[in-house]
Amino acid sequence: MAHRIAYLVSALNIQPHRILAVTFTNKAARELRERCERILGAPAGGLAVRTFHSFCAQLLRIDGALAGLQPNYSIYDDDDQERMVRRVLEEFEIDPKRFAPRAVLAAISDAKNQMIEARQYAAGPGSYFEEIVARVYRRYQELLLAANAVDFDDLLLVTHRLFESSPEVLEKYQARFKHLLIDEFQDTNALQFGLARMLAAGHHNICVVGDPNQSIYSWRHADPRNMLDFKRVYPNARTVTLDQNYRSTQTIIEAAAALISHNKGRLPNDLWTENDKGAPVVIGEAYDEEEEARLVVQEVERLVQDDQVPRSAMAAMYRVNAQSRALEVACNRHGIPYQLVGGLKFYERREIRDVLAYLRVVSNPADDVSLERVINVPARGISDRTVTALKNTAARHGLSMFEAIARRLDPEVGVAEAVNKRAMTALETFSATIQELVARSFDLAPTDLIDFVLDRTGYKRFIEQDEETREERWENILELRASAAPYDGADTHERLWDFLSNVSLVSDVDTMDGNASDALTLITLHQAKGLEYDAVFMLGLEEGLLPHSRSMEDPMQLEEERRLCYVGMTRARKRLYMLRSFKRGFRGGGLPTLPSRFLDELPRSHISGGRAQTRHDARRAEPFRDPASLRRAAATPLPASTGPRDTYTAGERVRHSVFGEGVVVSCTASHGDFELTVAFAGNGVKRLMQSYAKLEKVPRAG
DNA sequence: TTCCCCACCCATTGG
DNA sequence: GGGTGGGGAA
């Protein structure tokens, strides 16, 4: 894409601002721009490189009025959406336990992505659940509109509708963008392709890049059929097969190809490379997550020392965020710098959301969800009761909560009758505070406004009250404040809007530190799409994790899990490690695991280590090759009556004079003695006879 | 009205 | 393990 853009600009004299390139993340957008500029040897002024969401957000900022949006509109994320749905359920007196807000929301999101609006949804025949969804959907949209807010789906949907209903808006953008390029096309959804088609309608200068084998976002409505449809929609399109791989070793490419060949519904796409054969893919097996993480850390350090691979060129990848924990612990223990991508997301932290909610209320007082979030944070005498009464009163008069508060003395609205006297005083103070913030928001730069908010709302004092958390929370707030600094320069009210919408649209990969720091990257397989590393460690290659248990029933979803595995493997330039552990933590305890079927799908000739041979000889690890016996062993402690007094149960910690500390995996009666399977920290799994082993029990720490 | 504690429920992936 | 909602005390 970078070369095509550079070619358009330098060879065909297309002005950069006539080109719109769409990427999957803001980070990819940044990188693409940089690459273009490097090739061109000049700044590509005006070149638009955006994600679909940020493109739409900006468009709606400018032209949203035709769709009923004020330019200061709020963007609602998952949490905000759920609060909104809960409010609707409350209004309709629907039990949120019976109709889970998340499920209702998922149904609404599905509908939106099929471009089914609330009214049409209601018209379709449906189950009882769908009837509920239809009612909620409709009211949800009403409330969003009243709050001058959109959700993520709406960013696309409203823009799409705007293009349909207001040809002059579409024409404006068609007239500006003469060339359209889209990256990661296999993960676009129907709405996005729809937008692209409309934008390219006049000139058909549209170029998309995608790999169907890397389609991993169908759960977010990505539709890999877009790849096939593209050729149908544009019969004259030229397909260029990019099957030479410049990134990975032959071994990695072939192993990944072997894996993905197990997918049925697949276009042939045979990668090849001129790169070296390279090292075999290393299959590693660990006793538990702790050991698995330690294997990674040790190998990372070995590669740093022996092969001079910088830590920043290595990444540990996993299926679910919870897996990062063991890695973090191991890194901390061994003093390895790491950077965690995603996880407990910065913008989901309470203090961050609270401060942002204040800013949103200031920027868009109609934003009821944000207002409700902060109306009594810190506690200022406005109880849930009062809030409910206020909400109902506001709803009756078609007012926002903020308006209702502002008009609390108006007998026609009747707030005074609905809430008690003390609450009226509290509302008055709150109202005055917000009014003051709104007034100052016009002349204060975003960082100064944040300071002002922290001071005037008492939020700073509120944070400082909690001795345990105040340091961390305050640091987070300072980080948020720092992220607002780049917006201080601009000199209109828009800088606050820009800051807030940017905050809503950043992803975790966007904030990743590139190669600057010497840190190991910890990242989910999904987020790793589009990235590459010299060495990649994939963890948790176990049935139920990769493939994930939620995706194992449905063949389509299983294929997506395989693609996810493929994405992970193909992130590696030189070295690839695929690890599993025999035991996986789950709800506190640990459960035995089965190796991922994906490991079986790798060609034996391309792997080293592997089944039970990585760190211990095969014979010793033998019991693990029969998962059923393992499960039995781990789950059934020996009946106490049959053995000597001092026997062992699975999970107990023991110390051995040579092997050190370990955990008992199983203990079974055998030839009048007891056969113990013990996993030793650092020394692997051993089978021991109790009468010879001289074990001592170690009291559980904590 | 606020705060604290405990019981209970839930659990992929993310712009 | 974590978040939350309900109940009760201050």
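Before going into details, it helps to say that this report is about the structure given with it. (Residues numbered from 1 in each chain as written. Chains lettered and ligands numbered in written order. Predicted model: local features only at pLDDT ≥ 70, side-chain atom pairs only at ≥ 80, totals over all residues. Heavy atoms only, no water.)

## So, the overall build of chain A
Helix and strand content of chain A: 29 helices and 20 strands. Relative to a compact globule of 702 residues, whose C-alpha radius of gyration would be 27 Å, chain A shows 29 Å and is just as compact. Dimensions of chain A along its principal axes, counting C-alpha atoms only, are 90 × 70 × 55 Å. Expressed as a percentage of its 702 residues, the buried residues of chain A come to 51%. Counting contacts in chain A only where the partners sit at least 6 residues apart, residues at least 24 apart contribute 73% of the total. Here chain A has roughly 33500 Å² of accessible surface; of this, 49% comes from carbon and sulfur atoms. (Helix = DSSP H or I, 4+ residues; strand = E, 2+ residues; numbered from the N terminus. Rg over C-alpha atoms; globule rule 2.2 N^0.38 Å. Buried < 20%, exposed > 50% of the residue type's maximum accessible area, 1.4 Å probe, protein only. Contact = heavy atoms within 4.5 Å. Areas by Shrake-Rupley, 256 points an atom, 1.4 Å probe, with all protein chains shown as cover.)

## Structural notes on a negative patch on the surface
On the surface, Glu471, Glu472, Glu475 and Glu479 cluster together into a negatively charged patch. Tracing the sequence through the fold places Glu475 in helix α23 (residues 470-484). Overall, Glu475 belongs to the exposed group, its relative accessible area being 52%. (Patch = residues over 30% accessible without salt bridge, like charges linked within 9 Å, V, L, I, M, F, W, Y side chains within 5 Å. Salt bridge = Lys/Arg side-chain N within 4 Å of Asp/Glu carboxyl O. Lys, Arg positive; Asp, Glu negative; His and termini not counted. Charge placed at Lys NZ, Arg CZ, Asp CG, Glu CD.)

## Observations regarding the sheet that holds strand β6 (residues 206-208)
To summarise the sheet geometry, strands pair through backbone hydrogen bonds and adopt either a parallel or an antiparallel arrangement. Taken in spatial order, the four strands line up as β2-β1-β5-β6 in an open sheet, and their pairing is parallel. In this open sheet, the two strands that pair with only one neighbour each are β2 (48-51) and β6. Averaged over all adjacent pairs, the angle separating strand axes in this sheet is 15 degrees, with direction ignored. Examined bridge by bridge, strand β5 (residues 179-182) and β6 share three bridges and lie parallel to one another. Note that in β6 the partner of Ile182 across the bridge is Val208. (Pairing = 2+ DSSP bridges. Axes fitted to C-alpha atoms, helices over the stretch in contact; angles between N-to-C directions.)

## Here's the deal with the packing of aromatic side chains
Inspection of every chain in the model, using the stated rule, returns 16 aromatic pairs. Measuring from centroid to centroid gives 6.0 Å for Phe55 and Tyr173, while their planes differ by 80 degrees, and the two rings are edge-to-face. Of this pair, Phe55 sits in helix α3 (residues 52-63) while Tyr173 sits in helix α9 (residues 167-176), and the two are 118 residues apart along the sequence. There is no split in this pair, since Phe55 and Tyr173 are both buried. Aromatic pair Tyr121 and Tyr137: ring centres 6.0 Å apart, planes at 75 degrees, arrangement edge-to-face. Of this pair, Tyr121 sits in helix α6 (residues 118-123) while Tyr137 sits in helix α7 (residues 128-146), and the two are 16 residues apart along the sequence. Look at Tyr121 and you get buried, because its relative accessible area is 16%. Put simply, the rings of Phe55, Phe163, Tyr173 and Phe177 touch in pairs and so form one group of aromatic residues. If you follow Arg135 out to its NZ or CZ, it ends over the ring of Phe92, 4.5 Å from the centre. A cation over a ring is seen here: Arg197 above Phe193, with NZ or CZ 5.4 Å from the ring centre. (Phe/Tyr/Trp six-rings, centres within 6.5 Å; stacked < 30°, edge-to-face > 60°. Lys NZ or Arg CZ within 6 Å of the ring centre and 35° of its normal.)

## Examining the protein's contact with DNA strand B
Lining the immediate environment of DNA strand B, one finds 28 residues, of which Arg319, Asn321, Gly381, Ser383 and Thr524 sit closest. When the atoms of DNA strand B within 4 Å of the protein are sorted by group, sugar and phosphate make up 52%. Between Arg319 and DNA strand B, the recorded distance is 2.3 Å, taken from a side-chain N or O atom to a base oxygen. For the surface near DNA strand B, a count of residues per class yields seven nonpolar, twelve polar and nine charged. (Near = heavy atom within 4 Å. Polar contact = N/O pair within 3.5 Å; in protein donor to acceptor, adjacent residues only side chain to side chain. Nonpolar A, V, L, I, M, F, W, Y, C, P; charged D, E, K, R; others polar.)

## Thoughts on the pattern of salt bridges
Within this structure, the stated rule accounts for 51 salt bridges. Residue Asp443 pairs with Arg440 through a salt bridge whose shortest N-O separation is 3.4 Å. Taking the relative accessible area as the measure of exposure, Arg440 reaches 32% and is therefore partly exposed. Between Arg597 and Glu543 there is a salt bridge whose closest N-O contact spans 2.5 Å. Separated by 54 residues along the polypeptide, Arg597 in helix α26 (residues 597-600) and Glu543 in the loop between β11 (533-538) and α25 (555-569) bring together distant segments of the chain. With a relative accessible area of 27%, Arg597 lands in the partly exposed category. Within the structure, one salt-bridge network assembled from shared partners comprises Asp77, Asp79, Asp80, Arg83, Arg353, Asp354, Arg360, Asp367 and Arg373.

## Notes on the sheet that holds strand β12 (residues 572-581)
Within the open sheet, the seven strands sit side by side as β9-β10-β8-β11-β12-β7-β15. Their pairing is parallel. On the outer flanks of this sheet lie β9 (338-340) and β15 (607-609), each paired with one strand and no other. In this sheet, neighbouring strand axes are inclined to one another by 25 degrees on average, regardless of whether the strands run parallel or antiparallel. In this sheet, β12 lies alongside β11 in parallel orientation, the contact comprising five bridges.

## A closer look at helix α14 (residues 324-334)
Think of an α-helix as turning once every 3.6 residues; residues three or four places apart then point the same way. Taken together, the buried positions of α14 are occupied by Ser324, Leu327, Ala330 and Cys331. Axial view of α14: buried residues confined to an arc of 125 degrees, hence all on one face. In α14, the exposed residues that point more than 90 degrees away from the buried face are Arg325, Asn332 and Arg333. Along its buried surface, α14 packs onto α13 (289-307), β8 (314-318), β9 and β10 (520-524). After α14 finishes, the residue Gly335 shows a positive phi value of roughly 65 degrees. (Arc of directions from axis to C-beta.)

## Structural notes on the environment of Leu688
By the secondary structure assignment, Leu688 is in strand β19 (residues 684-689). It is 71 Å that separates the C-alpha atoms of Leu688 and Ser400, two residues lying 288 residues apart in sequence.

## Thoughts on the environment of Ala313
Structurally, Ala313 is set in the loop between α13 and β8. Placed 222 residues apart in sequence, Ala313 and Ala535 show a C-alpha to C-alpha distance of 6.7 Å. When residues no more than four places from it in sequence are discounted, the contact partners of Ala313 are Tyr533, Asp534, Ala535 and Arg573.

## A closer look at the side chain of Glu299
Counting through the fold element by element, Glu299 comes out in helix α13. Take Glu299: its relative accessible area is 16%, and that puts it in the buried class. The residues contacting Glu299, other than those within four sequence positions of it, are Phe537 and Tyr577.

## A few points about the nonpolar core
One finds Ile375 and Phe499 to be the most contacted residues of the largest nonpolar core, which totals 50 residues. Setting aside residues no more than four positions away along its own chain, Phe499 makes contact with Leu356, Leu359, Ile450, Leu480, Ser483, Ala484 and Tyr487. (Core = buried A, V, L, I, M, F, W, Y, C linked by side-chain atoms within 4.5 Å.)

## Focus: the packing of helix α1 (residues 2-10) against helix α2 (residues 26-40)
Where α1 contacts α2, the axes come no closer than 9 Å and their chain directions differ by 50 degrees. What the angle tells us is that α1 and α2 run oblique. Relative to α2, the crossing made by α1 is right-handed. On the side of α1, the interface is formed by Ala2, His3, Ile5, Ala6, Val9 and Ser10, while α2 contributes Leu32, Arg35, Cys36, Ile39 and Leu40. Here the contact of α1 with α2 is composed, by residue class, of eight nonpolar, two polar and one charged. (Parallel < 35°, antiparallel > 145°, perpendicular 65-115°, else oblique. Left-handed = near helix turned anticlockwise from the far one by under 90°.)

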